[in-house]
Protein chains: 2
Amino acid sequence: MSDGIVSISSFTSVASRSAGAFLLSRSDVERLLTPDECIAAVEDAFRQHALGKVPPPGILGLPAEDGGFHIKAALLTLERPYFAAKTNANFPHNSARHGLPTIQGVVVLCDAVTGQPLAVMDSMAITALRTAAATAVAAKYLARRECRTALICGCGAQAAAQLRALFRVRGLERIQAYDRDAEKSHGFAAALGAETRVPITAVTDLPAAVAASDVVVTCTTARRWFIAREMVRPGTFVAGVGADNEDKQELDPALLASSKLVTDLTEQCTAIGDLHHAVVAGVMSASDVHAQLGEIVAGLKRGRESEEEIIVFDSSGTALQDVAAAAAVYRRALAEGGSPRFSFNA
Amino acid sequence: MSDGIVSISSFTSVASRSAGAFLLSRSDVERLLTPDECIAAVEDAFRQHALGKVPPPGILGLPAEDGGFHIKAALLTLERPYFAAKTNANFPHNSARHGLPTIQGVVVLCDAVTGQPLAVMDSMAITALRTAAATAVAAKYLARRECRTALICGCGAQAAAQLRALFRVRGLERIQAYDRDAEKSHGFAAALGAETRVPITAVTDLPAAVAASDVVVTCTTARRWFIAREMVRPGTFVAGVGADNEDKQELDPALLASSKLVTDLTEQCTAIGDLHHAVVAGVMSASDVHAQLGEIVAGLKRGRESEEEIIVFDSSGTALQDVAAAAAVYRRALAEGGSPRFSFNA
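Since we're looking at a predicted model, the values are computed, not measured.

(A) Looking closely at the relation of the copies chain A and chain B. Each copy of the sequence occupies a distinct position, and chain A is placed on chain B by a rotation of 180° and an axial shift of 0.1 Å, giving an RMSD of 0.1 Å. Each copy turns onto its partner about a two-fold axis.

Structure, rendered in structure tokens:
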């Protein structure tokens with residue numbers, strides 16, 4: 001069957017021998033995991049990490065000629081212990097050269113008592129949802145309570161998830177969308193405006209847009225910072241989401257150095273986040289970080305302490321979020337019972 | 001569908017949108033990958049590694065309460081570049097406590113030009129076949145040409161694959177099978193004797209069995225060496241296959257120190273192979289290793305140089321072998337076209 005249609009007979013006979021692992025596509029994950037559930041799962045994972053209940057997550061990277069592969073793995077105990085390993089391929093020229101997404105991959109979720117594979121799922125939706133959930137958790141604790149305006153910088157694959165998650169934690173009334181490619185920001189404004197019924201404006205004057213925003217999210221592929229310290233007015237919450245490898249940067253090191261800085265994991269941000277560049281620039285060190293997000297969620301460190309302080313969240317993306325989101329998807333799939341399964345050990 | 005029967009309708013509708021990744025169970029892998037093909041694939045991977053054509057493979061380990069998870073990942077260029085990440089769960093009490101195999105997991109195979117997932121397959125058969133293939137490649141270059149007798153120590157999941165692979169490279173006429181559990185060695189002797197039509201004897205006198213063997217393979221879960229230097233007669237080829245983490249050991253450090261020692265990857269064997277224990281015991285260092293297997297395959301270092309020398313192969317198991325075997329399975333599945341597929345990105 002060279003056309004990729006499933007061999008129904010062989011598939012059924014294999015799968016019926018045991019329950020098998022769930023197979024979940026991108027649309028399955030999007031259907032099964034609501035932003036609210038993902039935010040709650042990610043918040044809990046950060047809390048558990050801060051309380052010392054989670055072993056250190058692991059990362060492994062292998063460069064390839066036109067991109068690279070990254071594996072993030074972690075354990076997390078919920079109603080039972082889970083393990084997840086996410087293999088993501090990151091090939092920046094994919095869209096232009098092959099008509100494929102930049103990031104592709106799968107998450108393997110296992111029972112961490114027996115090791116049994118429980119699910120194999122697309123990584124794209126997991127990555128978008130768990131990254132947006134971290135921003136929402138950070139905004140919940142670090143943005144001013146009364147936020148009306150938000151600016152999304154970078155209207156690519158991550159932007160919609162970021163905005164949907166932000167709406168779950170703050171009553172935003174006006175959104176600005178910025179992208180170097182005006183076609184993208186206009187498309188995003190139209191689509192998400194229709195979906196959320198909140199006015200979204202595509203903007204081109206970045207300094208004015210930043211100055212007019214209570215919340216600023218950067219989710220671009222930039223390799224050089226574009227949000228300057230001078231642009232950001234007192235009281236703003238800035239989430240730097242795009243920098244997830246050592247070559248990427250979105251935020252002025254001077255902005256980080258002069259703000260209250262919260263990371264997802266300080267060690268990882270020192271290696272690959274915006275913090276990395278601020279450290280390299282010599283304007284701050286890891287000891288200048290106010291807290292890791294989990295410490296604030298768990299009440300071990302203070303969140304926002306005044307209406308005036310600028311707080312920056314450096315989000316590098318952690319395996320903690322992946323295992324939390326993947327376990328939430330799995331539990332939904334199990335409750336629903338309608339997704340296909342495959343017995344690898346058959 | 002709580003009984004795990006595939007939801008035919010949803011599965012078909014998803015899969016028919018694109019070719020998708022092959023889903024391959026243990027029996028699929030065993031059917032698609034012959035020992036000869038696996039040996040050739042693994043031999044080529046070691047050769048490429050020695051010639052500097054393969055980037056360094058990566059490993060990542062995360063301990064769990066009753067076991068642990070290990071990820072091995074590597075790239076390998078064949079007719080096109082491939083990447084594979086193998087996630088293996090190793091839970092030693094699984095059989096007694098849960099009626100499950102000790103090792104379970106999946107291999108994710110990707111195109112290394114675009115990152116696209118090509119296949120998700122059970123790891124058990126891949127691990128058995130590629131481990132046995134490394135032993136066969138090593139025996140091909142390091143055992144005496146005229147080998148008639150072999151001893152398999154440890155009659156668990158790995159033993160049959162080891163024996164089948166050995167038969168492809170040496171004309172063995174008599175096999176001895178040893179296990180602390182006599183029921184296992186007798187069962188193995190009966191089953192593999194019937195399959196191979198070569199006489200297989202279950203033995204209990206280990207020193208006598210080692211002394212009577214041209215080839216000795218250890219594939220046990222031992223944590224303390226049991227093949228002593230004194231047992232091994234001149235000219236023997238010994239393959240230590242079981243030690244794949246720092247707690248496992250099968251071969252007397254004095255045997256390693258007094259033999260010509262070949263590793264799969266010296267750095268890895270120094271960390272987790274039998275070599276690790278010999279180094280810890282202070283009887284040798286990594287610089288005493290004669291060669292990595294690939295260097296011998298590529299003709300960069302000499303293999304067997306006399307009928308008398310004892311040669312030991314320390315096999316810790318590498319991601320090179322996994323990607324070579326997984327790519328071979330994938331190419332067969334593609335040529336055959338009958339295996340089920342699933343589009344994760346749908």
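(B) View of the interface of chain A and chain B. At the junction of the two partners, chain A supplies 70 residues and chain B supplies 70 residues. Between chain A and chain B the total buried area reaches about 5200 Å² when both faces are included, carbon and sulfur atoms providing 69% of it. The tally of links from chain A across to chain B stands at zero salt bridges. Summed over the shared surface of chain A and chain B, the number is 14 residue pairs in polar contact (both at pLDDT 80 or more). When its residues are assigned to classes, the side of chain A that touches chain B shows 41 nonpolar, 23 polar and six charged.

(C) View of the packing of helix 5 (residues 123–142) of chain B against helix 13 (residues 319–336) of chain B. Residues and elements named next belong to chain B. The interhelical angle for the contact between helix 5 and helix 13, taken along N-to-C directions, is 115°, at an axis separation of 9 Å. Helix-helix and strand crossings are classified by hand; for helix 5 and helix 13 the assignment is right-handed. Only Gln321, Asp322, Ala325, Ala326 and Val329 of helix 13 make contact with helix 5, whose side of the interface consists of Ile126, Arg130, Thr131 and Ala134.

(D) A look at the pattern of salt bridges. Using the criterion set out here, one finds 46 salt bridges over all chains in the structure. For arginine 164 of chain A, the salt bridge goes to glutamate 195 of chain A, with nearest N and O atoms at 2.6 Å. In this pair, arginine 164 of chain A sits in helix 6 (residues 159–169) while glutamate 195 of chain A sits in helix 7 (residues 182–196), placing the two residues 31 residues apart along the sequence. Residue glutamate 195 of chain A is classed as partly exposed on the basis of its relative accessible area of 43%. Across the salt bridge formed by glutamate 295 of chain B and lysine 301 of chain B, the nearest N and O atoms sit 3.4 Å from each other.

(E) Representation of the sheet that holds strand 9 (residues 200–203) of chain B in the model. Residues and elements named next belong to chain B. Taken in spatial order, the eight strands of this open sheet run 9-8-7-10-12-16-14-15, and their pairing is parallel. Strands at the two margins of the open sheet, each flanked by one partner only, are strand 9 and strand 15 (291–292). In terms of strand pairing, strand 8 (residues 174–178) meets strand 9 through four bridges, oriented parallel. Residue alanine 177 lies in a different strand from strand 9, and its bridge partner there is alanine 202. Sitting on the sheet, helix 7 (residues 182–196) touches strand 8 and strand 9, and the angle it makes with strand 9 is about 175°.

(F) Inspection of the environment of threonine 220 of chain A at higher detail. Residue and element names in this part refer to chain A. Within the fold, threonine 220 resides in the loop between strand 10 (215–218) and strand 11 (223–227). For threonine 220, a relative accessible area of 17% gives the class buried. For the pair threonine 220 and isoleucine 152, spaced 68 residues apart in the sequence, the C-alpha separation amounts to 9.5 Å. With near-sequence residues (within four places) excluded, threonine 220 lies in contact with Cys153, Gly154, Phe226, Gly242, Lys248 and Glu250.

Thresholds applied
Residues numbered from 1 in each chain as written. Chains lettered and ligands numbered in written order. Predicted model: local features only at pLDDT ≥ 70, side-chain atom pairs only at ≥ 80, totals over all residues. Heavy atoms only, no water. Least-squares fit on C-alpha atoms with pLDDT ≥ 70 in both. Contact = heavy atoms within 4.5 Å. Buried area = accessible area lost by both parts, 1.4 Å probe. Salt bridge = Lys/Arg side-chain N within 4 Å of Asp/Glu carboxyl O. Polar contact = N/O pair within 3.5 Å; in protein donor to acceptor, adjacent residues only side chain to side chain. Nonpolar A, V, L, I, M, F, W, Y, C, P; charged D, E, K, R; others polar. Axes fitted to C-alpha atoms, helices over the stretch in contact; angles between N-to-C directions. Helix = DSSP H or I, 4+ residues; strand = E, 2+ residues; numbered from the N terminus. Left-handed = near helix turned anticlockwise from the far one by under 90°. Buried < 20%, exposed > 50% of the residue type's maximum accessible area, 1.4 Å probe, protein only. Pairing = 2+ DSSP bridges.

Geometry only, nothing functional implied.
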